Amino acid sequence: MRDVFAGIGFMIAGIVTIITAQQFPTLPSLQYGPSLFPSLVGGGFCIGGAVLTLNALWQRRKAAAQAVQDDPTLATSPPEKMGWAMVLPPIAIVFYILASDYLGAMLTIIIIMFSLMLLRKTKIYVALITSVVMSSAIYFIFSHYLLIPLPQGVLLGGSLPWIS
Amino acid sequence: MNGVGLVLNFETILVILAASLFGIFVGAVPGLTATMAVALLVPLTFYMDTIPAIAAIVTTSAMAIFAGDIPGTYLNIPGTPASAAYVGESYALAKKGRAREALGINLVCSVFGGIFGTIILIVVAQSLAEVALKFSAFEYFWLAVLGLSCSIFISVGSRTKAFLSLLFGILLSTVGLDMMSGAPRFTFGVPDLMAGINFIPVMIGMFALNELMSYYGSKSEKKTISVVDKDSVFHNVPGHIKRYWRNMVRGSSIGTLIGALPGAGADIAAWISYGVGKGRSKDSAKYGTGNVEGIVDASSANNSGISGAWVPALVFGIPGDSITAIVIGVLYMKGMNPGPTIFMDGSGLIYALFIVFILANLMMLPIGYMAIRLSKLFILTPSRVLMPIILCFCIVGAFAINNSVVDIWLMLIVGLVAYLLAVNDFPMAPAILGLVLGSVVENNFMSAMLRTGGDLTSFFARPISAGLGVAVILLWCSPLLIKAYRYQKQKTERASL
């Protein structure tokens, strides 16, 4: 059943892509403008999505017909369970983007590591020690060895006392 | 000799050593793949010189592919997808108390396969490069199309899904200023997107964030080792080699060949080699019950596939698998164009690369031995502690390439899409190939059309170009041709009855 939605999703994406691509400027000197490849991709999305949807519907009908024949109670399969916790990494990333300018990169990643570890029931002292040590390591590698200007944060006055 | 000097210096050797340990670790922890190891490495290699950067990637990928066998043997969970073909065999051996023996033969086959693939790379790449020098936009257009088509037709599972995944990659490659007209495409007014989508955050999103999300989406892990491992690592290896050396050569040949095809990497090489070995074996009934023969075939194949993938990558700039796709992305960002000219520019870069390959595979022997002795340490590393660290590394790594928050958003969005695609069984390799090759196809098409004034038949005007074009068309028609052949065969069989 998920394939049906995936196929419809692709078809919508294809139509949006084609419509967006039509707004690209064309040059009279070129036969093939900047909209050619995006339009081809959009068309491919529509065709592939349609094939996927029709195929899934056909398989479903075939499977349902067979299941009804064998045992009518099996005609509908139970929906697969997906863990809600898969949203944790994206939430952590959004948190970093929003908070790092204020808290600073170092403190933000300590918070992310520590809370994610606790959520999966790590012992509190293990979580605390590893997140502080590993965050310092990552911060040091990127800001001192690779000279990346990671956000310092305004909270601690622009710099952390133990890493200057 | 220039190449030797480029490799044998303190920095490069240190990088190779560190990358070995990193590769072994990532490969041996279930849930972390070799491609993810390379994607995580990229932000660091971006700031290194070219040789140490490539050395780090080569070493990491080779070690990770071997180390994937470790949890496969002890837990029946492949550490990387490339070990999935034969975990059944190694685990069955481990249950008989022969875990270290299984890993010993795995290690020796991996080293053999890796070096075999490298020798092929050295011999074939050089002569292919001379041919490739004659190529122009027409040939490169067809080559890239052939590469993209291969990634659809060789992928495991639904071809429609592989096709859609490929298109997703190509769509990402069209973002940015158009090469010919300079018109912005899909930039949504974000200045950071003008120069095009940045490879590295996309790869981190596709291969690392996606895996992290599926880890958090799964039930909590419980890893207990019930296997006894008191046997010797190398004691029985000479006997096995004597008996199965043909399998090693065959597995390595298949592996190199499959690896060299675009879109098919070490995992598919292992599956095919395992299948071929099983079909040709005298005692195929023993397969699945802890048969060393199956391990030999597949374990040689996956490591030789890693080397084989570099053949088209170096000669034509067409990646053979997702790892070389990442490498090509890195080379582009460093301002180098992979292609036949790197064989001729006299910088010794290519020889340095060959030396790195041999060195990395030879070092696998002692480091792999240590890893086998310390297996339990790797396997029992708790993912719940590891995953948050990897996540933070991803965030900082994505930011580091351009010091831009846009890249973190990009990683997040691509990671979300990749996760949705992956849980619905869409393969990821075609997407990354589409991203790398999409602009190659488009730019070569446009410059060819500019040269000939929009004459489409010019793609068949030159002999090599026409040959490649016909190959692409035949490949696309192959499912229909096979169907027609089968139908015809059935019809004649029925008629003869």
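Predicted, not measured: the structure shown is a model, and the values here were computed from it.

Visitor: I tried to follow the overall build of chain B on my own but got confused; where do I start?
Guide: Secondary structure assignment for chain B yields 22 helices and two strands. Since a compact globule built from 497 residues should have a radius of gyration of about 23 Å, the 23 Å found for chain B is in line with a globular shape. Put simply, 79% of the contacts in chain B that link residues at least 6 apart link residues at least 24 apart.

Visitor: Hey, could you run me through the interface of chain A and chain B in this one?
Guide: By a widespread convention, an interface's size corresponds to the accessible area lost as its parts come together. Contact with chain A, which involves 52 residues of that partner, is made by 42 residues of chain B. For the side of chain A that touches chain B, the secondary structure elements donating two or more residues are helix 1 (2-22), helix 2 (36-70), helix 3 (88-103), helix 4 (105-119) and helix 5 (124-145) of chain A. Among the elements that make up the side of chain A that touches chain B, the one with the highest residue count is helix 2 of chain A (nine residues). Residue composition of the side of chain A that touches chain B, grouped by class: 38 nonpolar, eleven polar and three charged.

Visitor: Can you help me understand unusual backbone geometry in this one?
Guide: Comment: phi is negative for the bulk of residues other than glycine, and the bulk of peptide bonds are trans. All names here are of chain A. In this structure, Lys121 is a non-glycine residue whose phi angle is positive, near 60 degrees. Considering the arrangement of structural elements, one finds Lys121 in the loop between helix 4 and helix 5. Classification of Lys121 by C-beta neighbours within 10 Å gives exposed; the count is 10. The backbone of Leu147 shows a phi angle near 55 degrees, a positive value even though the residue is not glycine.

Visitor: Whenever I open this one, the packing of helix 5 of chain A against helix 19 (residues 383-400) of chain B confuses me. Can you help?
Guide: Packed helices, taken two at a time, are described by their axes: the angle between them and the distance between them. Two numbers describe how helix 5 of chain A lies on helix 19 of chain B: the axes approach to 11 Å, and their chain directions differ by 20 degrees. On the basis of the axis angle, helix 5 of chain A is roughly parallel to helix 19 of chain B. Taken as a pair, helix 5 of chain A and helix 19 of chain B cross one another with a handedness that is right-handed. Residue-level inspection shows A:Val126, A:Thr130, A:Met134, A:Ser135, A:Ile138 and A:Phe142 of helix 5 of chain A in contact with helix 19 of chain B, the latter providing B:Val385, B:Ile389, B:Cys392, B:Phe393, B:Val396 and B:Ala400. Of the residues assigned to the contact of helix 5 of chain A with helix 19 of chain B, the class counts are ten nonpolar, two polar and no charged.

Visitor: I keep staring at the packing of helix 2 (residues 10-28) of chain B against helix 3 (residues 34-45) of chain B and nothing clicks. Help me out?
Guide: Residues and elements named next belong to chain B. Interaxial distance between helix 2 and helix 3 falls to 9 Å at its minimum, and their mutual angle equals 135 degrees. Judged by the inter-axis angle, helix 2 sits oblique to helix 3. In this structure, helix 2 crosses over helix 3, and the sense of that crossing is right-handed. Note on element contacts: helix 3 touches helix 2 through Ala34, Met36 and Ala37, opposite Phe22, Gly23, Val26 and Gly27. When its residues are assigned to classes, the contact of helix 2 with helix 3 shows five nonpolar, two polar and no charged.

Visitor: I keep staring at the domain arrangement of chain A and nothing clicks. Help me out?
Guide: Considered domain by domain, chain A is made up of domain 1 (2-74) and domain 2 (84-145). Look at where the C-alpha atoms of domain 1 of chain A and domain 2 of chain A centre, and you get two points 39 Å apart.

Visitor: Would you mind going over the domain arrangement of chain B with me for this structure?
Guide: Residues and elements named next belong to chain B. Domain annotation for chain B reports domain 1 (2-461) and domain 2 (465-497). Domain 1 and domain 2 are separated by 32 Å when their C-alpha centres are compared. At the junction of the two partners, domain 1 supplies eleven residues and domain 2 supplies eight residues. Counted by class, the side of domain 1 that touches domain 2 contains nine nonpolar, one polar and one charged residues.

Visitor: How do you make sense of the nonpolar core when you look at a structure like this?
Guide: Nonpolar side chains in soluble globular proteins generally cluster together in the buried interior. Residue and element names in this part refer to chain B. Core analysis: the biggest nonpolar cluster contains 208 residues, and Phe141 and Met203 have the highest contact counts within it. A per-element tally of this core places helix 7 (residues 99-132) first, with 15 residues. Apart from residues lying up to four places away in sequence, Met203 is in contact with Ala39, Val42, Ile326, Gly329 and Ile432.

Visitor: What should I look at first to understand the UniProt feature "transmembrane region" (unreviewed entry) in chain A in this one?
Guide: The residues that UniProt annotates with the feature "transmembrane region" (unreviewed entry) are residues 37-58, 91-118 and 124-142 of chain A. Span residues 37-58 of chain A is 100% helix and 0% strand, its end C-alpha atoms 31 Å apart.

About the cut-offs
- Residues numbered from 1 in each chain as written.
- Chains lettered and ligands numbered in written order.
- Predicted model: local features only at pLDDT ≥ 70, side-chain atom pairs only at ≥ 80, totals over all residues.
- Helix = DSSP H or I, 4+ residues; strand = E, 2+ residues; numbered from the N terminus.
- Rg over C-alpha atoms; globule rule 2.2 N^0.38 Å.
- Contact = placed C-beta atoms within 7 Å.
- Nonpolar A, V, L, I, M, F, W, Y, C, P; charged D, E, K, R; others polar.
- Buried ≥ 20, exposed ≤ 12 C-beta atoms within 10 Å, placed from the backbone.
- Axes fitted to C-alpha atoms, helices over the stretch in contact; angles between N-to-C directions.
- Parallel < 35°, antiparallel > 145°, perpendicular 65-115°, else oblique.
- Left-handed = near helix turned anticlockwise from the far one by under 90°.
- Domains from an automatic or database assignment.
- Core = buried A, V, L, I, M, F, W, Y, C linked by C-beta atoms within 7 Å.
- UniProt positions renumbered as here; feature names shortened; annotations may be inferred.

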